[in-house]
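Each chain, written out:
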Amino acid sequence: MRSRRSCCCSSWRDGPCAISGCGEPAVFESFLQATILVSVAAATIRIATPLLLAALGELVAERSGVYNMGLEGMMLMGAFIGYLSAHQSGSLWVGVAAAGLTGAAMAAVFAFMVITLKVEQIVTGLAVNLLGAGLSTYWLRAAFSDSGQTPVIPFFENVPIPVLSQLPVVGPILFDQKLLTYFAFLMVPAVWFLLFRTRYGLIIRCAGDNPKALDVKGVSVAAVQYAAVVFGGLMAGLGGAFLSVGSAARFVPDMTNGRGWLAIIIVIAGLWRPYAVLAATLVFSFLDALQLQIQGIGIAIPYQLLLMMPYVVAIIALMVRRSRANAPAMLGMPYSRE
């Protein structure tokens, strides 16, 4: 165990961590260094990527009136299929595409259960999560039973944007990330434009607020909800792919670690609006990045407390946002023609 009086210099994968001097004051002084703050900010953007992808997809699904409670299982299967496809094909982009299709396929099954068969949405979502956890673990062991270990694959490198990545402070934070990260953040204005500036976005929101009005106009409520839920599953699969082929270079059981559930909370905390969802995502991601950095520089705080920070804030957010005033009026309620 490291002595509190010893000098140390540690680093972590998202940036430098230079420590000058000895003892706790030096540790806290090093934490406030500009390089450390930039490192935490850059890590926040990276950690936000899978959460933001999943949350934006869930936002569209919920705006159509469907709670996709199977988000965790879809992300997990996306992560596994993305890893397996990339390993067998030798192409990371094949893995990403396979992950997205896997999430979309699972979402289609979920949609059939809750929209066509009108099975209770929360129960169905829990079943999808259990399926994703069990199937991914079993398939992983079956696929690599001969080798006895999970092979490592290459993962996406950062793609610096010319000129912009050289800007002081904001350059390494915003413009030296992975392609999937750029895609996730560009999807925020894209989803906002879809929902609030297009006719089809109005139809999606009407399906969540007043599906009977759509039905009277001759628009299929089920078709609109199917499309929204499948899109949400596609985004969840891409979020899962980022965890495996995007940054970890391998798959481990339950590697989503509750991110699917956190994405659902983010949508609630973000009041079902894309830019507020982005803000909520960055808050949770910053807390995660912060606890990783604090552990890395050796501040004497039990790591269990640090790990639980994002989830404690999630619970507080649910308590604060307990009102459904901004939620779609028919969220979670299956529509039936009278």
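Placed above this text is the structure.
Computed from a prediction, not measured in an experiment: that's the story for all the values here.

*Asks:* In this structure, what is going on with the overall build of the protein chain? I would like to understand it.
*Replies:* Within the protein chain, the regular secondary structure consists of 13 helices and two strands. The buried share of the protein chain, reckoned over its 338 residues, is 51%. The long-range share in the protein chain, meaning contacts at least 24 apart out of those at least 6 apart in sequence, stands at 74%. Within the structure as shown, the protein chain displays about 15800 Å² of accessible surface, and the carbon and sulfur contribution to it stands at 68%.

*Asks:* I would appreciate a short explanation of the packing of aromatic side chains in the present structure.
*Replies:* What describes a pair of aromatic rings is the distance from one ring centre to the other and the angle between the planes of the rings. Under the definition given, this model contains five aromatic pairs. For the pair F80 and W139, a centre-to-centre distance of 5.5 Å together with 50° between the ring planes defines the contact as tilted. With F80 in helix α3 (residues 71–89) and W139 in helix α5 (residues 121–143), the pair connects residues that are 59 residues apart, well separated along the chain. Owing to a relative accessible area of 0%, F80 belongs among the buried residues under this scheme. When the centroid spacing of 5.9 Å and the interplanar angle of 55° are considered together, the rings of Y83 and F144 count as tilted. Residue Y83 is located in helix α3, and its partner F144 is located in the loop between α5 and β1 (159–160); the two are separated by 61 residues in the primary sequence.

*Asks:* Can you walk me through a nonpolar patch on the surface in this structure?
*Replies:* Together, L164, L167, V169, V170 and L174 make up an exposed nonpolar region whose accessible area comes to about 370 Å². By secondary structure assignment, the location of V169 is in the loop between β1 and α6 (170–174).

*Asks:* Can you help me understand the environment of A41 in this one?
*Replies:* Relative to the elements of secondary structure, A41 occurs in helix α2 (residues 34–63). By relative accessible area, which is 24% here, A41 ends up partly exposed. For the pair formed by A41 and V169, sequence separation is 128 residues and the distance between their alpha carbons is 9.5 Å.

Quick notes on the rules
- Residues numbered from 1 in each chain as written.
- Predicted model: local features only at pLDDT ≥ 70, side-chain atom pairs only at ≥ 80, totals over all residues.
- Heavy atoms only, no water.
- Helix = DSSP H or I, 4+ residues; strand = E, 2+ residues; numbered from the N terminus.
- Buried < 20%, exposed > 50% of the residue type's maximum accessible area, 1.4 Å probe, protein only.
- Contact = heavy atoms within 4.5 Å.
- Areas by Shrake-Rupley, 256 points an atom, 1.4 Å probe, with all protein chains shown as cover.
- Phe/Tyr/Trp six-rings, centres within 6.5 Å; stacked < 30°, edge-to-face > 60°.
- Patch = residues over 30% accessible without salt bridge, like charges linked within 9 Å, V, L, I, M, F, W, Y side chains within 5 Å.
- Salt bridge = Lys/Arg side-chain N within 4 Å of Asp/Glu carboxyl O.

Everything listed is a geometric property; what it means functionally is a separate question.
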